[in-house]
Amino acid sequence: MTKNIMIVGVGGQGTLLASRILGNTVAGEGYDVKLSEVHGMSQRGGSVVTYVKYGDEVYSPIIGQGEADIILAFEILEAYRAMPYLKKDGVMIANSQKIDPMPVITGAMKYPEDIEKKISSKINLVEVDALSLAEKAGNIKSVNVVLIGVMAKNTDIPYEKWIETIKKTVPEKFLDANLKAFDYGYNI
Amino acid sequence: MKKIMLGNAAVARGAYEAGVTVVASYPGTPSTEITENIVKYDEIYAEWSPNEKVAGEVAIGASIGGARAMSCMKHVGLNVMADPVFTASYTGVSGGLVFCVADDPGMHSSQNEQDSRHYAKAAKLLMLEPSDSKECKEFTKLAFKISEDFDTPVILRLSTRVSHSQGLVEENERENYELKDYQKNSAKYVMMPGNAIKRHVVVEERTKKEIEFAETTDLNNIEINSDKIGVITSGISYMYAKEALGNRVSYLKLGMVYPLPEKLLKDFCEKHEKVYVIEELDPFIEEHCKAIGLDVIGKEKFTMLGEYTPALIKKAIFNEEPDEFATIDEQIPARPPVMCAGCPHRATFYVLKKLGLVVSGDIGCYTLGAAAPLSSVDSTICMGASVSAALGMAKARGNEFNKKLVSVIGDSTFIHSGITGLIDIVYNKGNNTVIILDNSITGMTGHQDNPTTGYTIRKEPTKQVDLVLLAKAVGIERVVVADPFDLKNFEKVVKEETEADEPSVIIAQRPCALLKTVKYTGHCKIGSECRNCKMCMKLGCPAISVKDGGVIIDETQCNGCGLCINVCPFGAIHKED
């Protein structure tokens, strides 16, 4: 059985690092794993989507509508946009942060209201104020690791394995804050 | 131990293991990371070339010189490189020679959706197509051997989903490849008519042998699961089909997409009641099947547009819908890519829009100057076209129109193919104004060095092309260097140069805000002097937005570049630490 995880956010939020931590952790567990990410123009502050799939044998690297077991969203509008991809019994973990997209900035459209309510009326939503937790951990940029922590709790992979990968992936000087950030997320 | 690896990194690994010693490329999404990963291997000479044609010729030369060599590019890069490619097909190789070309179905980061398989047929070059990272490494390695066995350059065709997906790859030792002896062989390598006529015969004979190879090679793989439905597919489409259809159908997976086999396809079709061809973009395999008289179903059921998905394939073949999912019941704002906070191009386009100029645009981050609210760029065709197309517009519409017309082109793109257009302007008496957006790096593809940065791909200092001297050397007498963030002066310069009755070059100089050497500090804040005129909103900075009727600056996004301070007519924006 393949487990499908989607990571969505805004270009520049650190979604790629999150997918790498996730990918390396599941690969270390002996699963077949495939990741798909988008580089180039789509990174420039646009919507960013990464797929991570693992299981006995993974073929397609992408995830379709109604297929994701977990969606990890770094921004709440992006969570809303990704909602159709979640499986009926899946779980969405979403950072409550809001970042205005250009059509909102130019006034052409409004940022949708009460997104959290709209999502949770349809699917299983875990909302996290990852920005505050990252600040508390000592590095505002560790939002991605807070969210990885919340997600880790929703997988079968043991706590220590995640810590091992973070130690391998994150640069030494940011390690303390990131380990704290992971714990804040994991123990939410 | 298996490692998780990007498709592009796996191609680099394959080249390394095959004993490659020369790689020359021009960056282009989704191919860039191949060459960036090559740099990790000290045994390989790597370069960013000025453009794909040069890159291809460096690789061809290295092959004639007896080394295994490679050149990597995006699909449109192959258009630039096509000239040497068609003739290298005639000369063949000494050391194995591989051209990697990455198509971009869905146009994640491209100006068109061309299917590069047509090049294999047109240039009569053997083409392989891997479907995941594991095959990226294996096929690349094999491509060098095939290249030498058949005396031909080989094209490795990738696509965005293969290049930018990661999968498990097993690493092996590097082959100890000995440089082949150099022997003068003008009959093979001097392509003048007398020699080329004979080489064409060789090419046609070679293709016949390659077809025989296609009938038997393990690259083309059959998996029989059913006598009802068979699927002929290749590349990423195989992975989608396999996930969508599982063991309910049989597969003929083509790892070699040119030349295509005949007998293998006929045998497969005979064994199944119905056969589908599943391939993204053009009906390349399908047309071959139909040409040899096979009754296959292809584009009647499948689109020529964009990327496929397993769901699309399931629907087309079994008419099955995906599981139920939650829907969004309102229109939500899209999040298109934008120029970063602090981007130097923002200032340039702000001025060009203010002056109401027609802007002939080019390929790079600054293509985003076409998007609202700057909405400045009028046309974008391909690398370099900003310069030459503007000359054409001016010749068509006359001098008065030309005074309201500028070209904008990045530093790397100018070197790639803007310089030839500039020479055209001088030679053919154009009066155009060309603005070179010199941000000290190749931006869009993720910060690659180029001939104007003063560093090689390995970050070794080298001679730096001086854009001022270069423009002057081709005959431009009016060359002005100006900082676009000094809005007042920049506007004055643009006005003067467009009004002049001779050609001019403005070098808009300010480095990319994402470069480590750029250190803006603090962030900007709106003060009580604000009269809500919203001039700053015209910049389209992602950090500035309207909340509850008033303008605010998001501290987490602002990098303190200060451009908005220059725009504010009331001095209401201040810098804070």
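Rules of the game
By convention here, each chain's residues receive numbers from 1 onward along its written sequence. Chains carry letters from A onward and ligands carry numbers from 1 onward, assigned in written order. The predicted nature of this model means local features are confined to residues of pLDDT at least 70 and side-chain atom pairs, given and counted, to a pLDDT of 80 or more, with totals for whole chains, interfaces and linings taken over all residues. Water and hydrogen atoms play no part in the side-chain values, which are based on all heavy atoms of the structure. How far each domain reaches was decided by an automatic or database domain assignment. Whether two residues touch is decided by their heavy atoms; if any such pair falls within 4.5 Å, the residues are in contact. Buried area is a sum: the accessible area each of two parts loses on coming together, probed at 1.4 Å, counted once for each and added. When a carboxyl oxygen of Asp or Glu lies within 4 Å of a side-chain nitrogen of Lys or Arg, that pair is called a salt bridge. Two N or O atoms count as a polar contact when they lie within 3.5 Å, although within protein this holds only if one can serve as hydrogen donor and the other as acceptor, and sequence-adjacent residues are included solely when both atoms are side-chain atoms. A run of H or I in DSSP becomes a helix once it reaches four residues, and a run of E becomes a strand once it reaches two; helices and strands are each numbered from the N terminus. Every angle, taken between N-to-C directions, lies between 0 and 180 degrees, and every axis is a line fitted to C-alpha atoms, over only the stretch in contact when it is a helix. Note on terminology: angles under 35 degrees are roughly parallel, angles over 145 are roughly antiparallel, angles of 65 to 115 are roughly perpendicular, and the others are oblique. For any pair of crossing helices, the crossing counts as left-handed if the nearer helix is rotated counterclockwise from the farther one by less than a right angle, and right-handed if it is rotated clockwise. All amino acids are sorted into three groups, where Ala, Val, Leu, Ile, Met, Phe, Trp, Tyr, Cys and Pro are nonpolar, Asp, Glu, Lys and Arg are charged, and the leftover types, Gly among them, are polar. Accessible area is worked out with a 1.4 Å probe on protein chains only. A residue is then buried under 20% of its type maximum, exposed over 50%, and partly exposed in between. Only strands joined by at least two bridges in the DSSP assignment are considered to pair. A crossover gets the label right-handed when its path from the first strand over the helix to the second runs clockwise, viewed with the strands pointing away from the viewer.

*Asks:* So what exactly am I meant to see when it comes to the domain arrangement of chain B here?
*Replies:* Frequently, the measure chosen for interface size is the accessible area removed from exposure when the parts meet. All names here are of chain B. Each domain of chain B was delimited in the assignment, giving domain 1 (2–216), domain 2 (220–322), domain 3 (344–509) and domain 4 (523–576). One C-alpha centre belongs to domain 1, the other to domain 2; they are set 26 Å apart. Taken together, the 32 residues of domain 1 in the interface contact 28 residues of domain 2. Carbon and sulfur atoms make up 59% of the area that domain 1 and domain 2 hide from each other, which totals about 2400 Å². When residues of domain 1 are sorted by the area they lose upon contact with domain 2, Arg117, Ala214 and Glu215 head the list and together hold 25% of the total. In this structure, the connection of domain 1 to domain 2 is made through three salt bridges. The interface formed by domain 1 and domain 2 holds 17 residue pairs in polar contact (both at pLDDT 80 or more) in total. Per element, the largest residue contribution to the side of domain 1 that touches domain 2 is six residues, and it comes from helix α9 (residues 193–216).

*Asks:* Honestly, the packing of helix α14 (residues 344–354) of chain B against helix α19 (residues 487–499) of chain B in this entry has me stumped. Any pointers?
*Replies:* When two helices pack together, their arrangement is captured by the angle between the axes and the distance separating the axes. Residues and elements named next belong to chain B. Packing of α14 against α19 brings their axes to within 10 Å, and their N-to-C directions diverge by 55°. What the angle tells us is that α14 and α19 run oblique. In terms of crossing hand, the pair formed by α14 and α19 is right-handed. Residues Ala347, Thr348, Tyr350, Val351, Leu352 and Lys354 of α14 lie in contact with α19, whose contacting residues are Leu487, Phe490, Glu491 and Val494. A breakdown of the residues in the contact of α14 with α19 according to their chemical character gives seven nonpolar, one polar and two charged.

*Asks:* I would appreciate a short explanation of the pairing of strand β19 (residues 504–509) of chain B in the present structure.
*Replies:* Regular strands have side chains that alternate between both faces of the sheet. Residues and elements named next belong to chain B. Burial analysis of β19 places five of its six residues in the buried class, which makes it a mostly covered element. Bridge count for strand β17 (residues 433–438) against β19 is six bridges, and the pairing is parallel. Directly across from Ile436, in β19, lies its bridge partner Ile507. Where strand β18 (residues 478–482) lies against β19, five bridges are found, and the strand directions are parallel. The residue of β19 that forms the bridge with Ala482 is Ala508. Since β18 and β19 lie parallel, the crossover through α19 that links them has a hand, and here it is right-handed.

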